[in-house]
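# Overview (structure and organization)
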Amino acid sequence: SCAIDARDADATRERCKTLVGFIREAWHHIPALANVEYVHGWHIDMIALHLEAITSDKLLDMGKQNRLLVNVPPSAMKSLLVSVFWPAWEWTQNPALQYIAASYREDFCNRDTSRMRDLVGSEWYQMLWGKDHDVGGKIVRGVQMDAVGDSRISNTAGGWRKGVPFGSLTGDKADRIILDDPHSVDTAE
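What counts as what
Each chain carries its own residue numbering, running from 1 in the written order of its sequence. pLDDT decides what is reported in this predicted model: residues at 70 or higher carry local features, side-chain atom pairs at 80 or more are listed and counted, and totals for whole chains, interfaces and linings draw on all residues regardless. As a rule here, side-chain values cover all heavy atoms of the structure and leave hydrogens and water aside. Whenever Lys or Arg places a side-chain nitrogen within 4 Å of a carboxyl oxygen from Asp or Glu, that contact is recorded as a salt bridge. Between buried and exposed lies partly exposed: a residue is buried under 20% and exposed over 50% of the maximum accessible area for its type, with that area taken using a 1.4 Å probe on protein chains only. Helix and strand definitions follow DSSP, with helices as H or I runs of at least four residues and strands as E runs of at least two, each counted in order from the N terminus. Strands pair, by our definition, only if DSSP identifies at least two bridges between them.

Below, the discussion takes up the pattern of salt bridges. Here the structure, examined in full by the defined rule, presents 6 salt bridges. Linking E14 and K17 is a salt bridge whose minimum nitrogen-to-oxygen distance equals 3.1 Å. Among the residues examined, E14 registers a relative accessible area of 49% and is labelled partly exposed. Classification of K17 by relative accessible area gives exposed; the value is 54%. Between E90 and R176 there is a salt bridge, with the nearest N and O atoms lying 2.7 Å from each other. With a gap of 86 residues between them, E90 in helix α5 (residues 78–93) and R176 in strand β7 (residues 176–179) connect regions that are remote in the sequence. Judged by its relative accessible area of 13%, R176 falls in the buried class.

A regular strand carries its side chains on alternate faces of the sheet. Examined bridge by bridge, strand β4 (residues 145–147) and strand β5 (residues 152–155) share 2 bridges and lie antiparallel to one another. Directly across from M145, in β5, lies its bridge partner N155. Hairpin connection of β4 to β5: 4 residues between the antiparallel strands. Counted between consecutive antiparallel strands, the loop separating β5 from strand β6 (residues 160–165) contains 4 residues, among which G158 sits at a positive phi close to 95°.

Written out as structure tokens, the structure reads:
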């Protein structure tokens, strides 16, 4: 059990105010990662800072594009960071956000949607953000899942995440579009 008292919950929420803090706290609450050691690297700090700037609209406020292209080697945590942890973290602040996540392989889409589903549905996440909570003096509606699947999840605040193969991307609208490996090495031409 991961039962925590109110003081521990407040301290955990405080550590989770940054995306990197959230990742460190949330890592072992995804069953697929439960036995995998989290190894932090400087690239995670840089990617997370840029994603936080997107979340806070800092880039738009500066007249810049609200986009990010991440080029890191395979197994450097790009998919987990951008497609799983970031949307789950954003839902702690605004559970109405909607995401479309596309990849060239449907199994990658389903893998990351399922990992986000497992994290948001975890006892840990629900204890901290499942009920209405205060974020900087603003009451944010709790994140309660209402539909769970391998390719689409949604919550009772109107937020959802849908994983689609890259070729199926047209026709939908969302607050965030995440393109994770839109081309395979074999078909990049």
